[in-house]
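Report on the structure
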Amino acid sequence: MYRFLLTPRWWGINLFVALAIPFCVFMGTWQLGRFEDRVQTHNAAEKQPAPGTRDAKPIDDLLPVDTETSGRPATATGRYADQFLVPERQLDGKDGFYVLNMLRTDSGKALPVVRGWLPGKPGDTAVPAAPTGTVTVTGDLQASENAGTAGAHATGGLPDGQLGIIGAASLVNLVPYDVYDAWVTLQDTGGTGGLRPVPATVPQGTGLDLKAFQNLGYTGEWFVFAGFVLFMWFRLIRREAEAARDLELGLVANAEAEADADAEGTANTARATQADAEANPGADADTGADADTGAREGVGVGARAAGPADKDVQPGTGTDAKTSGA
């Protein structure tokens, strides 16, 4: 009954099932692993002391920025150079902008330093000047932003002197020197010009945020896909087996014979109807011809019947004429 599983069509179906189920299980397991990694990273981050309370280290010792070094105090020495304003940044629910200066270090690279936040829009608010001369700054280390960072302005079209995304990729085209792939935010602004310190953000991928629960949801989806493929495979096998059983019992053949007989009867009826339709016009013509012939014959008979009567009348008519003449 199940010999149909060895047909070429079912070989293709079986191969698809054999590949689809392991793939779905693998993807579900991978998404589950991503969720567990986020949970472990979140738990480990909660057990560690706050990054801002740890000892400051030189910027070069903390690079590259990862979940361990993000938020750690970093120190750098140099001179302030170019200044940029970062618009559309909020602090405590208020709109404002960051004041960012490039710190040229002795290594030749420049470190982006966010000196603080100011309310309002760039150009409408006075910005305090950066310190001059050689300075040593200590700020919380942050990874370079990207288009998905909250508050980042990735659409472009900003005026000169403004920056949408804080990162080496966006700064390298604006300054003629190398830039660190990181930035720091000062927590001690000196209270000059109304600058308020910008708090460091939690590194991405360390909390139980929406992305973590998305991984958990994707896990369930992949396992559901695997179960659906297996269910449809068994369903197709069962239906094919039932069809094969009906064929062995002759149920399918009888049904096909009855269907063929009904189709043949319908075809015969259609042919007979068509033949009658084709024969009717000739029959009407014959009927009309017979009627005309009958009419002509009737007239001829009448004429012939009237002939002897006329002959009978003629002698009389002549006699009467003679008698009248006499």
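Up top is the structure.
Read on for an overview of the structure. (Residues numbered from 1 in each chain as written. Predicted model: local features only at pLDDT ≥ 70, side-chain atom pairs only at ≥ 80, totals over all residues. Heavy atoms only, no water.)

For the rest of this paragraph, the subject is the packing of aromatic side chains. What the rule picks out here adds up to 4 aromatic pairs. Ring centres of Phe23 and Trp222 lie 5.6 Å apart, and the angle between their planes is 90°; on these two criteria the pair is classed as edge-to-face. Here Phe23, found in helix H1 (residues 8-47), pairs with Trp222, found in helix H3 (residues 210-249); they are 199 residues apart in sequence, far enough to count as distant. Joined through ring pairs, the aromatic side chains of Phe23, Trp222 and Phe225 make up one cluster. The lysine or arginine in question, Arg104, covers the ring of Tyr177, its NZ or CZ lying 4.1 Å from the ring centre. (Phe/Tyr/Trp six-rings, centres within 6.5 Å; stacked < 30°, edge-to-face > 60°. Helix = DSSP H or I, 4+ residues; strand = E, 2+ residues; numbered from the N terminus. Lys NZ or Arg CZ within 6 Å of the ring centre and 35° of its normal.)

Attention shifts here to the side chain of Gln31. Here Gln31 shows up in helix H1. Gln31 sits in the buried class, given a relative accessible area of 8%. Not counting residues up to four positions away in its chain, the partners in contact with Gln31 are Asn215, Tyr218, Thr219 and Trp222. (Buried < 20%, exposed > 50% of the residue type's maximum accessible area, 1.4 Å probe, protein only. Contact = heavy atoms within 4.5 Å.)

For the peptide bond that leads from Leu63 to Pro64, omega is -5°, which places it in the cis range. Along the chain, Pro64 falls in the loop between strand E1 (57-58) and strand E2 (73-91). The phi dihedral of Glu88 is positive, around 60°, even though this residue is not glycine. Mapping Glu88 onto the fold places it in strand E2. Judged by relative accessible area, Glu88 falls into the exposed class, the value being 53%. Although it is not a glycine, Asp92 sits at a positive phi angle of roughly 55°. Assignment of secondary structure puts Asp92 in the loop between E2 and strand E3 (94-105). Note on Asp92: relative accessible area 61%, which makes it exposed.

All we've got here are geometric facts, nothing functional implied.
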